[in-house]
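Each chain, letter by letter, is given below.
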Amino acid sequence: METLQLRIEEHINKLSHFTATPGKGTTRLTYSKEDRLARNYIIEKMKEYGLAVSEDGMGNIFGRLEGTLKDAPSVLIGSHFDSVPNGGSYDGPAGVVAGLEVAALFAENQLTPKYPLEIIALIEEEGARFGGGLMGSRGMTGLLSEDDFKNLKDQNGISTEEAMVKIGLDSSLPKKRDPKTIKAFLEMHIEQGPILEEKDIPIGVVEAIVGLTQFEVTVEGQAGHAGTTPMDRRSDALVTAAKMIAQFPGLAIEEGEGTVITTGQLNVFPNGANVIPKKTVFTVDIRSGKEEHIENVIRKLNELIELSSTNGIKITAEQQLYMQPKAMNQEIVALMKQISSELETPYCSINSGAGHDAMVFSDVTAVGMLFIPSKDGLSHCPEEWSDAKHIANAIQIFYETAKKLTEASSND
Ligand code: HGY
Ligand code: MN
Ligand code: MN
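Residues numbered from 1 in each chain as written. Chains lettered and ligands numbered in written order. Predicted model: local features only at pLDDT ≥ 70, side-chain atom pairs only at ≥ 80, totals over all residues. Heavy atoms only, no water.

**Comments concerning the coordination of the manganese ion (ligand 3)**
Perfect tetrahedral coordination of a metal by four donors corresponds to 109.5 degrees between them, and perfect octahedral coordination by six donors corresponds to 90 or 180 degrees.
Okay, so step 1: Within the protein, His80 (NE2), Asp91 (OD) and His189 (NE2) serve as the donor atoms for the manganese ion (ligand 3), at 2.1 to 2.2 Å.
Okay, so step 2: Coordination of the manganese ion (ligand 3) draws on donor residues from a single chain, spaced H-x10-D-x97-H in sequence. (Donors = N, O, S within 2.8 Å, 3.2 Å for Na, K, Ca; no water.)

As structure tokens, then:
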């Protein structure tokens, strides 16, 4: 197997060890000790590949290859390196590895870019620790303000800044980045669905990313004794939540056109087998290719909240994230399709049902995204797997794309 694929497998394998749940998938929460171990590895590789390393005030990692043009905007290539709980080894890290290996190819071929090349490893894309998600890119583009960042706390009440200090990060560093310093952002990601594998096509050129919103809903009732409280005298927060959640799939199916809705998190308080639940907190994740469908489902969710707030039950909903559907930059899409053809790598156009940092950066710069096949279409689970040869395909396409976008030339 060629050395590039071996290096890719080595990177993925090494990063997959930095997990809080060994043997049960990747659990790498932002600013955890597993974050620190993965960060050390990424920084070590950036330095090995000749990049100048820096971190910003949220802990995003940048590996920079200086360009010959003074004060020129950079071409960024990368993805995130946090994970969902018990997730896979490729969601995020595959894109960071792709960036690292493009930098390695620049070094191997002694290329000097006119526009700087920056490899980027982003934090808290999944939102598994602080909620919402896309935190690293939203902080860089100003979509997440300094105050909002500081006010974020995890489920144990630990703030972002406290957690950063614990792993030696400096939250006083700048967070928002001047959009004029970015020329383009390229992200490679696993498809996380079945399309490319079923079509047996190694590369998906992403045309658009669905819009998405996330809510945290809190249902408050009255705790009580499971044995002595008559059924007609209860304000049961879990029964109310369950009745609401059972109706969510119908809202998305009614909306149609690929609209989806998911409750991934549900916490019960005080969570005693013989205690009527006083409070439940659950998440609602709504996505669609068209914004009108998202807005319709939000309206129906609010109507359901209204209807369910009876018999001593109080319900509040906090919107943690709202992103409109985003189209990728058509010039970069066309360039990557042309390069794929020149490299004789089959490709197809594809849309993303998953959210990505690329959708945030598309507000401020030209963005391009490539997908590679996911085995059995699985992701966000330990079974997640992609072939190193597919990652190598994407690296070759990004390498040629980055050469053009940075106007690199060989200095031999
Ligand atoms: O939820 C998503 O679409 C992504 O995995 N953060
Ligand atoms: Mn993910
Ligand atoms: Mn991801």
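**Thoughts on the domain arrangement of the protein**
Okay, so step 1: You can read the domains of the protein as domain 1 (2–210 + 325–410) and domain 2 (211–323).
Okay, so step 2: Distance from the C-alpha centre of domain 1 to the C-alpha centre of domain 2: 33 Å.
Okay, so step 3: Regarding the contact of domain 1 and domain 2, the summed buried area is about 1,000 Å², with carbon and sulfur atoms giving 60% of it.
Okay, so step 4: Applying the counting criterion to the domain 1 and domain 2 interface returns zero salt bridges.
Okay, so step 5: Between the two partners, domain 1 and domain 2, sit one residue pair in polar contact (both at pLDDT 80 or more).
Okay, so step 6: Class assignment for the residues of the side of domain 1 that touches domain 2 results in eight nonpolar, six polar and two charged. (Domains from an automatic or database assignment. Buried area = accessible area lost by both parts, 1.4 Å probe. Salt bridge = Lys/Arg side-chain N within 4 Å of Asp/Glu carboxyl O. Polar contact = N/O pair within 3.5 Å; in protein donor to acceptor, adjacent residues only side chain to side chain. Nonpolar A, V, L, I, M, F, W, Y, C, P; charged D, E, K, R; others polar.)

**Quick look at the coordination of the manganese ion (ligand 2)**
Okay, so step 1: Distances from the manganese ion (ligand 2) to its protein donors, namely Asp91 (OD), Glu126 (OE), Glu126 (OE) and His380 (NE2), fall within the range 2.1 to 2.8 Å.
Okay, so step 2: On the primary sequence, the residues serving as donors to the manganese ion (ligand 2) are separated as D-x34-E-x253-H.
Okay, so step 3: Here the manganese ion (ligand 2) and the manganese ion (ligand 3) are spaced 3.4 Å apart, and both take Asp91 as a donor. Of this pair, Asp91 sits in the loop between strand E3 (74–80) and helix H3 (93–108) while His380 sits in the loop between strand E17 (366–372) and helix H12 (388–406); the two residues are 289 residues apart in sequence, bridging distant segments of the chain. (Helix = DSSP H or I, 4+ residues; strand = E, 2+ residues; numbered from the N terminus.)

**Some words on the site of ligand 1**
Okay, so step 1: Neighbouring residues of ligand 1: Glu125, Glu126, Arg287, Ala354, Gly355 and His380.
Okay, so step 2: The separation between a nitrogen atom of ligand 1 and a polar side-chain atom of Glu125 is 2.9 Å.
Okay, so step 3: Contact distances for ligand 1 include 2.7 Å between an oxygen atom and a backbone N or O atom of Gly355.
Okay, so step 4: Notes on ligand 1: free accessible area 210 Å², of which the protein chains cover 88%.
Okay, so step 5: Considering only residue class, the shell around ligand 1 consists of one nonpolar, two polar and three charged. (Near = heavy atom within 4 Å. Areas by Shrake-Rupley, 256 points an atom, 1.4 Å probe, with all protein chains shown as cover.)

**Points about the packing of aromatic side chains**
Aromatic ring pairs: the centre-centre distance and the angle between the two ring planes describe each pair.
Okay, so step 1: Using the criterion set out here, one finds four aromatic pairs in the structure.
Okay, so step 2: Taking the centre distance of 5.9 Å and the plane angle of 55° together, the rings of Tyr31 and Phe130 count as tilted. With Tyr31 in the loop between helix H1 (3–16) and helix H2 (33–48) and Phe130 in the loop between strand E5 (117–122) and helix H4 (135–141), this residue pair connects regions lying 99 residues apart in the sequence. When sorted by exposure, Tyr31 lands in the same class as Phe130, which is buried.
Okay, so step 3: Ring geometry for Phe106 against Tyr399: centres 5.7 Å apart, planes inclined by 85°, an arrangement best described as edge-to-face. Placement of the pair is Phe106 in helix H3 and Tyr399 in helix H12, with a sequence separation of 293 residues.
Okay, so step 4: Take Tyr399: its relative accessible area is 6%, and that puts it in the buried class.
Okay, so step 5: Positioned above the aromatic ring of Tyr115 is the side chain of Lys183, whose terminal nitrogen or guanidinium carbon lies 4.5 Å from the ring centre. (Phe/Tyr/Trp six-rings, centres within 6.5 Å; stacked < 30°, edge-to-face > 60°. Buried < 20%, exposed > 50% of the residue type's maximum accessible area, 1.4 Å probe, protein only. Lys NZ or Arg CZ within 6 Å of the ring centre and 35° of its normal.)

**Re the environment of Lys180**
Okay, so step 1: When you line up the elements, Lys180 lands in the loop between helix H6 (160–166) and strand E6 (182–190).
Okay, so step 2: Sequence separation between Lys180 and Thr345 is 165 residues; the distance between their C-alpha atoms is 33 Å.

**Observations regarding the side chain of Glu384**
Okay, so step 1: Here Glu384 shows up in the loop between E17 and H12.
Okay, so step 2: Buried charge Glu384 goes without a salt bridge, the closest partner of opposite sign being Arg28 at 8.7 Å.
Okay, so step 3: Other than its neighbours up to four places away in sequence, Glu384 contacts Gly88, Ser89, Tyr90, Asp91, Ile190, Leu378 and Ser379. (Lys, Arg positive; Asp, Glu negative; His and termini not counted. Contact = heavy atoms within 4.5 Å.)

**Observations regarding the pattern of salt bridges**
Okay, so step 1: In total, this model carries 26 salt bridges according to the counting rule given.
Okay, so step 2: In this structure, Arg7 and Glu108 form a salt bridge, with 3.1 Å as the shortest nitrogen-oxygen distance. With Arg7 in helix H1 and Glu108 in helix H3, the pair connects residues that are 101 residues apart, well separated along the chain.
Okay, so step 3: Overlapping salt bridges bring together Arg64, Glu66, Glu118 and Arg177 as one network.

**Regarding the side chain of Ser83**
Okay, so step 1: By the secondary structure assignment, Ser83 is in the loop between E3 and H3.
Okay, so step 2: The buried category is assigned to Ser83, whose relative accessible area is 4%.
Okay, so step 3: Among the polar contacts listed, one links the side chain of Ser83 to the backbone oxygen of Thr26, at a separation of 3.1 Å.
Okay, so step 4: Within polar-contact distance, the side chain of Ser83 engages the backbone nitrogen of Arg28 at 2.7 Å.

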